[in-house]
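# Structural characterization, general
Residues per chain, in single letters:
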Amino acid sequence: MRACQLRPELATTYADVEWEIGDVFKPDLSMLELIALAEGRAVDNDRLILLRLRTNHNRTARRLRTLAKKAVTVADYLDKAGRLQRILLDLQTRMRALGYDGAHDDWSLTS
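The paragraphs below set out a description of the structure included in this document. Values in this document were obtained by computation on a predicted structure and should not be read as measured data.

## Description of the overall build of the protein
Within the protein one finds 5 helices and 0 strands. Put simply, the protein runs from its N terminus to its C terminus through helices and strands in the order α-α-α-α-α. Taking 13 Å as the expected radius of gyration for a compact globule of 111 residues, we find that the protein reaches 17 Å, considerably beyond that expectation. Along the first, second and third principal axes, the C-alpha atoms of the protein reach 55 × 30 × 20 Å. Taking contacts inside the protein between residues at least 6 apart in sequence as the whole, the part at least 24 apart equals 59%. Total accessible area on the protein is roughly 7,000 Å²; 56% of this is exposed by carbon and sulfur atoms.

See the structure below:
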């Protein structure tokens, strides 16, 4: 938090990168939250919720992409891939409800 106070422009850059890649700074803490704490204001909850959904989506998408390397059998792969695709679809539905169209993320894994 102190670093955000001392270098607010750098903190904003990190928050922009966080948004661009769709992943939070730390699993339990976003730069959006740190900046809000450093400035003594409330966090933009709508953006934070969307960022967390994007983080979950993108991490699940990475798991799906690497699944073939880890699956023991074809049946195991199909089962896990189907489950991950359902999770991705649910996350995409929730993000669409917030007005996000997937512009920064790869939504093609569910088609």
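Now, onward.
## Overview of helix α3 (residues 31–39)
Counting buried residues in α3 gives 7 out of 9 residues, a clear majority hidden from the surface. Within the sequence span of α3, burial applies to M31, L32, E33, L34, I35, A36 and A38. In this structure, the buried side of α3 is in contact with α1 (2–6), α2 (8–21) and α4 (45–70). Taking the backbone nitrogen of L32 as reference, a side-chain oxygen 3.0 Å away marks S30 as the first, capping residue of α3.

## Quick notes on the packing of aromatic side chains
Going through the model one piece at a time under the given rule, you end up with 3 aromatic pairs. Ring geometry for Y14 against F25: centres 6.4 Å apart, planes inclined by 50°, an arrangement best described as tilted. Of this pair, Y14 sits in helix α2 while F25 is found in the loop between α2 and α3, placing the two residues 11 residues apart along the sequence. In this structure Y14 comes out as partly exposed when scored by relative accessible area, which is 44%. Through pairs of rings, three or more aromatic residues link up here, namely W19, Y100 and W107. Cation over ring: R47 sits above W19, and NZ or CZ is 4.1 Å from the ring centre.

## Thoughts on α2
Here α2 spans 20 Å end to end across 14 residues, near enough to the 20 Å set by a 1.5 Å rise per residue. Residues A11, A15, E18 and W19 constitute the buried set of α2. Mapping the buried residues of α2 onto a view down its axis gives an arc of 95°, with all of them on the same face. Structurally, α2 contributes buried residues whose contacts are with α1, α3 and α4.

Rules of the game
For every chain, the first residue of its written sequence is number 1, and the numbers climb from 1 along that sequence. Residue-level local features of this predicted model are given only where pLDDT is at least 70; pairs of side-chain atoms are given and counted only at 80 or more, and the full residue set underlies all totals for whole chains, interfaces and linings. In computing side-chain properties, one takes all heavy atoms of the structure into account and sets aside hydrogens as well as water. Strands here are runs of E lasting at least two residues and helices are runs of H or I lasting at least four, both read from the DSSP assignment and numbered beginning at the N terminus. The globule rule used for comparison is 2.2 Å times the number of residues to the exponent 0.38, while the radius of gyration itself is calculated over C-alpha atoms. We call two residues in contact when some of their heavy atoms are within 4.5 Å. Here the Shrake-Rupley method, with its probe set to 1.4 Å, supplies the accessible areas, and only the displayed protein chains count as covering residues. Only protein chains enter the area calculation, which uses a 1.4 Å probe; residues under 20% of their type maximum are buried, those over 50% are exposed, and those in between are partly exposed. The definition of a polar contact used here is a pair of N or O atoms within 3.5 Å, where within protein one atom must be able to donate a hydrogen and the other to accept one, and adjacent residues in sequence count solely through side-chain atom pairs. Put simply, two rings from Phe, Tyr or Trp (the six-membered ring, in Trp's case) pair if the centres are within 6.5 Å, and we call them stacked under 30 degrees between planes, edge-to-face over 60, tilted for the rest. Whether a charge sits over a ring depends on NZ of Lys or CZ of Arg being within 6 Å of the ring centre and within 35 degrees of the ring normal. Each helix should span, by expectation, one fewer than its residue count multiplied by 1.5 Å. In this context, the arc is that of the directions from the helix axis out to the C-beta atoms.

Note that every value here comes from positions in space, so none of it alone points to a role or purpose.
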